[in-house]
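# Residue-level structural notes
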Amino acid sequence: MKRLFITLCLIFFVFTAESTVFGRTYVTIGTGGVTGVYYPTGGAISRMVNKKSKEYGIKATVESTGGSVYNINAVLSGELEFGVAQSDRQYQAYNGLAEWSDKGPQKDLRAVFSIHPESITLIASQKSGVKSVAALKGKRVNIGNPGSGQLQNSKDVLSASGVSLNNLHTEQVKAVEAPGLLQDEKIDAFFYTVGHPNGNIKEATSGRIKVRIIPITGPGIDVLLKKHSYYAKAVIPAKFYPNAVDKDDIDSVGVKATFVASKNLSDEIVYAVTKEVFDNLDSFKKLHPAYAVLTRENMLQGLSAPIHPGALKYYKEADLVKYINPALVQ
Ligand code: GLU
């Protein structure tokens, strides 16, 4: 599909544009569902890069995908040039865990930078009576589509809270469909690991059916936090979702969105993308409210794969290497 698109574009340009277009490289960024934060993140990054299209010879486009696991695999297979992926999934892929336990460590994966914080978000209809993870027993719950980041997060949270998947009626549909299913009373609850605020949770909390955001806390969750350093405590601000039943902020577990590529992607492309985002960070931060907390320093934390050499070239020039875990600087 992508090849057909590029061929059509080239044919189009042969007849319409100047010859400089022949030197242009098209790169695609894998994101997530259109109501999440990954999709606008891909849009924000591509907008920054495309402003300098002539200078770099790069044109970035965005693809809506199934999420983190899909993006990592597509970047490694060369189907996509860049992908947005959760920090925990970056760690698991690089170390051959979770979805990668059969394939083994994905040593070609490279980190570019971190982006916004994400929290494991559990939404339940008020009618279901669910007020805790443990109360999901016997309910119809969307645990996340294969390819998403949230699928493993929901399994971790359920098992840490003593709920077996056998105790639930599970669905594995994409997050984009979950608010509609909840409002149509086809499910009682859904998990989504996502930055806040986002359109998906706004949609889920704004319908006829009253909805609660459920805290992800308890002794089991404390053990989970101790066991996996890629999980951290997080808080979902209630003010983002005024129509939800909750009036207080909601405690949860968080990870980070990160930007990844394969080691086979050219240094020039990764350098250009990194430079545009970091040099214009103030403008970038205005593109989504979930970026409010971003700093040059925290965008270099939460990474597990080695830093791509193209990105590292920029971090050296900008004197940012001091913020990077030395083990990732090769
Ligand atoms: N964290 C989700 C995933 O990895 C995507 C969230 C989003 O699209 O903002 O699948």
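Source: prediction; values computed, not measured.

Within the structure shown, the criterion is met by 8 salt bridges. Note that Glu-185 and Arg-208 form a salt bridge whose closest N and O atoms lie 3.3 Å from each other. Taken together, the residues Glu-185 in the loop between helix H7 (178-183) and strand E7 (189-194) and Arg-208 in the loop between helix H8 (199-205) and strand E8 (211-214) connect sequence positions 23 residues apart. One salt bridge connects Asp-279 with Lys-275, and the closest N-O pair in it is separated by 2.7 Å. Residue Asp-279 and its partner Lys-275 are both found in helix H10 (residues 267-279); the two are separated by 4 residues, about one turn of the helix. The exposure class of Asp-279 is partly exposed, given its relative accessible area of 38%.

All right, on to the nonpolar core then. By size, the foremost hydrophobic cluster in this structure holds 51 residues, and its most contacted members are Ile-45, Phe-82, Phe-113, Ile-115, Phe-259, Phe-284 and Tyr-315. Residue contributions to this core peak at 7 residues, all from H10. With 24 residues, the next largest nonpolar core counts Ile-120, Leu-122, Val-130 and Val-255 among its residues.

Next up on the list: the side chain of Asn-145. With respect to the helices and strands, the residue Asn-145 is situated in the loop between strand E5 (140-142) and helix H6 (150-160). A residue is classified by how much of its surface remains accessible, and Asn-145, at 5% relative accessible area, is buried. In this structure the side chain of Asn-145 is engaged in a polar contact, spanning 3.1 Å, whose partner is the backbone oxygen of Gly-66. Ignoring anything within four residues of it in the chain, the contact list for Asn-145 reads Gly-66, Gln-150, Leu-151, Gln-172, Val-173, Lys-174 and Ala-175.

With that out of the way, let us pick up the confidence of the model for the protein chain. Per-residue pLDDT for the protein chain averages 94, and the proportion of residues at 70 or more is 93%. Note that residues 5-21 has pLDDT below 50 and, in this model, 6 contacts with residues that lie over four places away or in other chains.

This paragraph deals with the packing of aromatic side chains. Counted under the stated rule, the structure contains 11 aromatic pairs. Between Phe-240 and Tyr-241, the ring centres sit 6.3 Å apart and the planes meet at 75°, which makes this aromatic pair edge-to-face. For Tyr-241, a relative accessible area of 1% puts it in the buried group. Here Phe-278 and Tyr-314 contribute two aromatic rings whose centre-to-centre distance is 5.9 Å and whose plane-to-plane angle is 50°, an arrangement assigned as tilted. Note that Phe-278 is positioned in helix H10 and Tyr-314 in helix H12 (residues 309-317), a separation of 36 residues in sequence. The buried category is assigned to Tyr-314, whose relative accessible area is 4%. What links up through ring pairs into an aromatic cluster is the set Phe-82, Phe-113, Phe-259, Tyr-271, Phe-278, Tyr-314 and Tyr-315.

Rules and cut-offs
- Along each chain, residues carry numbers from 1 onward, in the same order as the chain's sequence is written.
- In keeping with the model being predicted, local features are shown solely for residues with a pLDDT of at least 70 and side-chain atom pairs are shown and tallied solely at 80 or more, while totals for entire chains, interfaces and linings include all residues.
- Think of the side-chain values as coming from all heavy atoms in the structure, minus any hydrogens and water.
- The term salt bridge refers to a side-chain nitrogen of Lys or Arg lying within 4 Å of a carboxyl oxygen of Asp or Glu.
- Comment: elements are numbered from the N terminus, with helices defined as DSSP H or I runs of at least four residues and strands as E runs of at least two.
- Using a 1.4 Å probe on the protein chains alone, a residue whose accessible area is under 20% of its type maximum counts as buried, one over 50% counts as exposed, and one in between counts as partly exposed.
- In this text, buried Ala, Val, Leu, Ile, Met, Phe, Trp, Tyr and Cys residues form a nonpolar core when linked through side-chain atoms within 4.5 Å.
- Any pair of nitrogen or oxygen atoms within 3.5 Å is treated as a polar contact; in protein, a donor-acceptor pairing is required on top of that, and neighbouring residues in sequence qualify only through side-chain atoms on both sides.
- The contact rule is simple, with two residues in contact once any of their heavy atoms fall within 4.5 Å.
- On a scale of 0 to 100, pLDDT captures the predictor's confidence in every residue.
- Geometry of aromatic contacts follows a simple scheme: Phe, Tyr and Trp rings, the Trp one being its six-membered ring, pair when their centres are within 6.5 Å, and the pair is stacked under 30 degrees between planes, edge-to-face over 60, tilted otherwise.

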